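Residues per chain, in single letters:
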Amino acid sequence: MHYLPGESHRLPGNRAVLGTYQATHFQYQVENRVATVTLNRPERKNPLTFESYAELRELFRALAYADDVKAVVITGAGENFCSGGDVHEIIGPLTKLDMPGLLAFTRMTGELVKAMRACPQPIVAAVDGVCAGAGAILALSSDIRYGTARSKTAFLFTRVGLAGCDMGACALLPRVIGQGRAAELLYTGRAMKGEEAERWGFFNRLCEPQDLLAQAQAFAATLAGGPTFAHGMTKKMLQQEWNMGVDEAIEAEAQAQAICMATNDFHRAYHAFVAKDQPRFEGD
């Protein structure tokens, strides 16, 4: 069980209330059951620090228990998404660490990706401008990505003498855009512009910069207004079935769907259909 400072209280069944959580190292707000996480260092293109990494990790862990948050949007302040690890506050100190210290850091960053993939809420990334390094991984680890034509996404680890296999990139990126395209980006570290990113399937949609966040939040709100228990099951199956054979996946989906058929939302949908009405889902 993971607790965050600022959680208002716990509900039965270890459920949490995160609508009033006060973030320290980024902006956080909840409206219409959609949490918006805004990386907020626009003067530096919203880089990550040791502290923001850790707080993001704990937030996404806690969201697994959040009763009042049904979808998440992650974005950056100003005209950029995230420039990756802060050169002065992360990269510099890393050059002075020994191997155990470096491994502790790389494992911590990987835990953030694990937490994002494990939380049941769909995550929508709203990406404008620079989306580089660990910032590109944050977008990649989201479920849906909205971008702009002027955005530039770069997995630039090789540009600083590192391997492209960072925070799960070699597992996640080929599944999103294909093995050959992923290999090119991870070997070269070059920037992928918005139109190319949409064409390759990295972005689900391109938006005008001024409309980006509103459109991402509107889409997240439609997910939050749907059968959220079932959405969480879909996310879990999308994650788990990467490591399954077809027969095993079919059996896992049979069990998952049977569980969803026992929910009140399934029954609401049936009765609404019979009454020629729209169902009102409540996520139970």
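Throughout what follows, the structure given in this document is the object of discussion. Everything quoted here is computed from the prediction, not taken from an experiment. (Residues numbered from 1 in each chain as written. Predicted model: local features only at pLDDT ≥ 70, side-chain atom pairs only at ≥ 80, totals over all residues. Heavy atoms only, no water.)

1. Quick notes on the overall build of the chain
- On a plain count of helices and strands, the chain comes out with eleven helices and eleven strands.
- Its C-alpha atoms give the chain a radius of gyration of 19 Å, near enough to 19 Å, the size a compact globule of 284 residues would have.
- Expressed along its principal axes, the backbone C-alpha trace of the chain runs to roughly 60 × 45 × 40 Å.
- Relative to its full complement of 284 residues, the chain shows a buried share of 45%.
- In the chain, once contacts between residues fewer than 6 apart in sequence are set aside, the share between residues at least 24 apart is 68%.
- In the structure as shown, the chain presents an accessible area of about 14,300 Å², 55% of it carried by carbon and sulfur atoms.
- Of the charged side chains in the chain, 28 are positive and 31 negative; the average position of the first set lies 3 Å away from that of the second. (Helix = DSSP H or I, 4+ residues; strand = E, 2+ residues; numbered from the N terminus. Rg over C-alpha atoms; globule rule 2.2 N^0.38 Å. Buried < 20%, exposed > 50% of the residue type's maximum accessible area, 1.4 Å probe, protein only. Contact = heavy atoms within 4.5 Å. Areas by Shrake-Rupley, 256 points an atom, 1.4 Å probe, with all protein chains shown as cover. Lys, Arg positive; Asp, Glu negative; His and termini not counted. Charge placed at Lys NZ, Arg CZ, Asp CG, Glu CD.)

2. Description of the sheet that holds strand β8 (residues 144–147)
- Strand order in the open sheet formed by six strands is β3-β4-β5-β6-β8-β11, and the pairing between neighbours is mixed. Edge positions in the sheet fall to β3 (27–31) and β11 (205–206), since each of these pairs with one other strand and no more. (Pairing = 2+ DSSP bridges.)

3. A closer look at helix α1 (residues 50–63)
- Over its 14 residues, α1 extends 20 Å from the first C-alpha to the last, a length consistent with the 20 Å expected when each residue adds 1.5 Å.
- Most of α1 is tucked away, with ten of its 14 residues classed as buried.
- Looking at α1, one finds that the buried residues are Ser 52, Tyr 53, Glu 55, Leu 56, Arg 57, Glu 58, Leu 59, Phe 60, Ala 62 and Leu 63. (Expected span 1.5 Å × (residues − 1).)

4. Points about the packing of aromatic side chains
- Enumeration over the complete set of coordinates arrives at six aromatic pairs.
- Seen in terms of ring centroids, Tyr 21 and Tyr 28 are 5.5 Å apart; in terms of plane orientation they differ by 75°. Their pairing is edge-to-face.
- For Tyr 28, a relative accessible area of 12% corresponds to the buried category.
- Following the ring pairs from residue to residue traces out a cluster consisting of Phe 50, Tyr 53 and Phe 105.
- In this structure, Arg 145 packs its charged tip against the face of Phe 202, placed 5.0 Å from the ring centre. (Phe/Tyr/Trp six-rings, centres within 6.5 Å; stacked < 30°, edge-to-face > 60°. Lys NZ or Arg CZ within 6 Å of the ring centre and 35° of its normal.)

5. Section: the sheet that holds strand β7 (residues 130–132)
- Reading across the sheet, the three strands line up as β7-β9-β10 and stay open at both edges, with mixed pairing between neighbours. The two strands at the open ends of the sheet, each matched to only one other strand, are β7 and β10 (191–193). When strand polarity is set aside, the average angle formed by the axes of neighbouring strands in this sheet is 20°.
- Strands in contact with helix α4 (residues 134–141) are β7 and β9 (152–154); relative to β7, the strand with the most contacts, it is inclined by about 90°. (Axes fitted to C-alpha atoms, helices over the stretch in contact; angles between N-to-C directions.)

6. Some remarks on the nonpolar core
- Among the nonpolar cores identified, the biggest contains 54 residues, and Tyr 28, Phe 60, Leu 63 and Phe 202 are the most heavily contacted of them.
- The contacts of Phe 60, once residues within four sequence positions are left out, are Val 72, Leu 112, Ala 115, Met 116, Cys 119 and Ile 123.
- With twelve residues, the next largest nonpolar core counts Val 73, Tyr 146, Cys 207 and Ala 224 among its residues. (Core = buried A, V, L, I, M, F, W, Y, C linked by side-chain atoms within 4.5 Å.)

7. A look at the side chain of Thr 38
- In this structure, Thr 38 sits in strand β4 (residues 34–39).
- Residue class for Thr 38 comes out buried when judged on its relative accessible area of 12%.
- The contacts of Thr 38, once residues within four sequence positions are left out, are Phe 26, Gln 27, Thr 75, Gly 76 and Ala 77.

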